Amino acid sequence: MAIVQICAEQVSSVGQTYAATVTCGNPQYTPVGAGESCNMVVYNVALNTGTSPMTLSFSFDTELNYLFLNHGVTFADYCVVTAQSGAVTLPDSGLGLCDCGITPTYQVAYTCNPGSITTTSTMVQSPINLAFTVSNLCTPTVFCVSTVACE
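So, here is what we can say about the structure in this document. (Residues numbered from 1 in each chain as written. Predicted model: local features only at pLDDT ≥ 70, side-chain atom pairs only at ≥ 80, totals over all residues. Heavy atoms only, no water.)

If you look at the biggest cluster of nonpolar residues, it comprises 28 residues, and the most contacted ones within it are Y18, V42, F58, F60, I128, L130 and F132. Aside from chain neighbours lying at most four places away, what touches F60 is Y18, V22, M40, V41, V42, Y43, V81, T82, A83, Q84, S85 and I128. (Core = buried A, V, L, I, M, F, W, Y, C linked by side-chain atoms within 4.5 Å. Buried < 20%, exposed > 50% of the residue type's maximum accessible area, 1.4 Å probe, protein only. Contact = heavy atoms within 4.5 Å.)

In structure tokens, the structure reads:
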């Protein structure tokens, strides 16, 4: 009687968050207050599977809206902070790359609350939060099946 091993993988997802305060120290005009919007872009996301637990590194740019005075009238401008980088360590859940040709993917959601923008006469800053979900990670599983001759 032969024993056949069948290799299977349990596909899962993990999530992790990143928080930071972004500071623009060179606004074009002298800030007098917070604006009404902020925007972000996240790029260069890379999953490092060579570490245990795995890490996810990334870059991001943030655009913060602020107010300034122009001859006594309030105007709005944006201060852009570029080429910021960060990394998160994924939970050590025993997950790794899949052997069955499934490629890991990620999704990111960010929050940049305009109500949290603060200013001084020389800077504009705001807290930012990123929430990552990494999908198509696997836990290897082996099934053993005993075989007998068919009659």
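Strand order in the open sheet formed by 3 strands is β2-β3-β4, and the pairing between neighbours is antiparallel. Looking along the sheet, the strands with just one partner apiece sit at the ends: β2 (31-48) and β4 (73-89). Adjacent strand axes in the sheet meet at a mean angle of 15° when their direction is disregarded. Bridge analysis of β2 against strand β3 (residues 55-70) gives 12 bridges, and the strand direction is antiparallel. (Pairing = 2+ DSSP bridges. Helix = DSSP H or I, 4+ residues; strand = E, 2+ residues; numbered from the N terminus. Axes fitted to C-alpha atoms, helices over the stretch in contact; angles between N-to-C directions.)

Quick look at the state of the cysteines now. Across all of its chains, the model carries 3 disulfides by this definition. The disulfide partner of C24 is C79, and the gap between their sulfur atoms is 1.5 Å. Highlighted residues: C24 in strand β1 (residues 3-24) and C79 in strand β4, separated in sequence by 55 residues. C79 carries the same exposure label as C24, and that label is buried. A sulfur-sulfur separation of 1.8 Å characterises the disulfide bridge that pairs C98 with C138. Residues C98 and C138 share a disulfide whose torsion about the S-S bond is about 85°; that sign makes it right-handed. Separated by 40 residues along the polypeptide, C98 in the loop between β4 and β5 (105-111) and C138 in strand β7 (residues 124-146) bring together distant segments of the chain. By relative accessible area, which is 11% here, C98 ends up buried. Take the cysteines of the chain that form disulfides and number them in order along the sequence; they join up as 1-3, 2-5, 4-6. (Disulfide = S-S within 2.5 Å.)

By the secondary structure assignment, S37 is in strand β2. Looking at S37, its side chain comes within polar contact range of the side chain of Y78, at 2.8 Å. When neighbours within four sequence positions are excluded, S37 is seen to be in contact with E63, L64, N65, Y78, P114 and I117. (Polar contact = N/O pair within 3.5 Å; in protein donor to acceptor, adjacent residues only side chain to side chain.)

Between S52 and P53 the backbone carries a cis peptide bond, its omega angle lying at 0°. Mapped onto the secondary structure, P53 falls in the loop between β2 and β3. A positive phi angle is found at A83, which is not glycine, with a value near 55°. Here A83 lies in strand β4. A relative accessible area of 58% means that A83 is categorised as exposed. Despite not being glycine, N136 shows a phi value in the positive range, around 65°. Here N136 lies in strand β7.

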